[in-house]
Amino acid sequence: MKIKMKRLIAVYIDFILIFYICYFLLKPIDYLVSGNVFFEVLIGIVGLGLYYLIFTRKDVIIGYESIGKKITRLKVFSNDGIRITDKNVLKNRVLYSITTFPLYPLMILLDNKSEGDKRMHTIVR
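Residues numbered from 1 in each chain as written. Predicted model: local features only at pLDDT ≥ 70, side-chain atom pairs only at ≥ 80, totals over all residues. Heavy atoms only, no water.

Engineer: Explain the side chain of Ser114 to me, and be specific about the residues and the numbers.
Structural biologist: Its location among the elements puts Ser114 in the loop between helix H5 (104–111) and helix H6 (115–120). Ser114 has contacts with Arg7, Ser97, Tyr104, Met107 and Ile108, leaving out every residue within four places of it along the chain. (Helix = DSSP H or I, 4+ residues; strand = E, 2+ residues; numbered from the N terminus. Contact = heavy atoms within 4.5 Å.)

Quick look at the structure:
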């Protein structure tokens, strides 16, 4: 249960951290176009796109794990027990996990495997 909770805490840290990074990057631009509905909607779309780009690459931006994983001291291994250092595998693992994101906490609590872990044959410990 300890690993499962660490994984959920790590993804929560990443989720909040990336949200605030995107918010503070786009807030100055929002002040400039305040009142223009078209540009405010455009900034919202850009913000979602930026969030998606950063979140899918969160494990490869700083080393081989995200900031949440670094804080909770988690690492990604293959099913054979070899530490994953291939950035494409790490990126695709997160990308596949996003497809079932609303079910992510349930999948972790039940099986300690996300959809990305299953498809990329990885384990987090």
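Engineer: Mind laying out the pattern of salt bridges, listing which residues take part and the relevant values?
Structural biologist: For the structure shown, the criterion picks out ten salt bridges. Salt-bridge contacts for Asp59 lead to Arg93; the nearest nitrogen and oxygen are separated by 3.2 Å. One end of the pair, Asp59, is in the loop between helix H2 (37–56) and helix H3 (67–72); the other, Arg93, is in helix H4 (residues 87–98), with 34 residues separating them in the sequence. The burial state of Asp59 is the same as that of Arg93; both residues are buried. Between Glu115 and Arg119 there is a salt bridge; the shortest N-O distance is 3.2 Å. Note that Glu115 and Arg119 are positioned in helix H6 at a spacing of four residues, about one turn of the helix. Arg119 gets classed as partly exposed once you look at its relative accessible area, which sits at 47%. When salt bridges with common partners are traced through the structure, they connect Arg7, Asp14, Lys58, Asp59, Lys69, Arg93 and Asp117 into a single cluster. (Salt bridge = Lys/Arg side-chain N within 4 Å of Asp/Glu carboxyl O. Buried < 20%, exposed > 50% of the residue type's maximum accessible area, 1.4 Å probe, protein only.)

Engineer: Before we move on, could you go through the packing of helix H1 (residues 2–32) against H5 and cite the residues and values that matter?
Structural biologist: Packing of H1 against H5 brings their axes to within 9 Å, and their N-to-C directions diverge by 160°. Between H1 and H5, the interaxial angle falls into the category roughly antiparallel. Two packed elements cross with a definite hand, and for H1 against H5 that hand is right-handed. Seen from H1, the contacting residues are Lys4, Met5, Arg7, Leu8 and Val11; seen from H5, they are Tyr104, Pro105, Ile108, Leu109 and Leu110. Grouping the constituent residues of the contact of H1 with H5 by class yields eight nonpolar, no polar and two charged. (Axes fitted to C-alpha atoms, helices over the stretch in contact; angles between N-to-C directions. Parallel < 35°, antiparallel > 145°, perpendicular 65-115°, else oblique. Left-handed = near helix turned anticlockwise from the far one by under 90°. Nonpolar A, V, L, I, M, F, W, Y, C, P; charged D, E, K, R; others polar.)

Engineer: So what's going on with H4? Residues and values would help.
Structural biologist: Over its twelve residues, H4 extends 17 Å from the first C-alpha to the last, a length consistent with the 16 Å expected when each residue adds 1.5 Å. For H4, the set of buried residues is Val89, Leu90, Arg93, Val94 and Ser97. Along the axis of H4, the buried residues cluster in a sector spanning 130°; they form a single face. Where H4 begins, the capping side chain belongs to Asp86, and its oxygen is found 3.2 Å from the backbone nitrogen of Asn88. (Expected span 1.5 Å × (residues − 1). Arc of directions from axis to C-beta. Polar contact = N/O pair within 3.5 Å; in protein donor to acceptor, adjacent residues only side chain to side chain.)

Engineer: Describe the environment of Ile54, naming the residues involved and giving the relevant values.
Structural biologist: Mapped onto the secondary structure, Ile54 falls in helix H2. Sequence spacing of Ile54 and Asp14 is 40 residues, and the spatial spacing of their C-alpha atoms is 9.9 Å. If we skip the residues at most four places from it in the chain, Ile54 touches Ile18, Ile21, Cys22 and Ile61.

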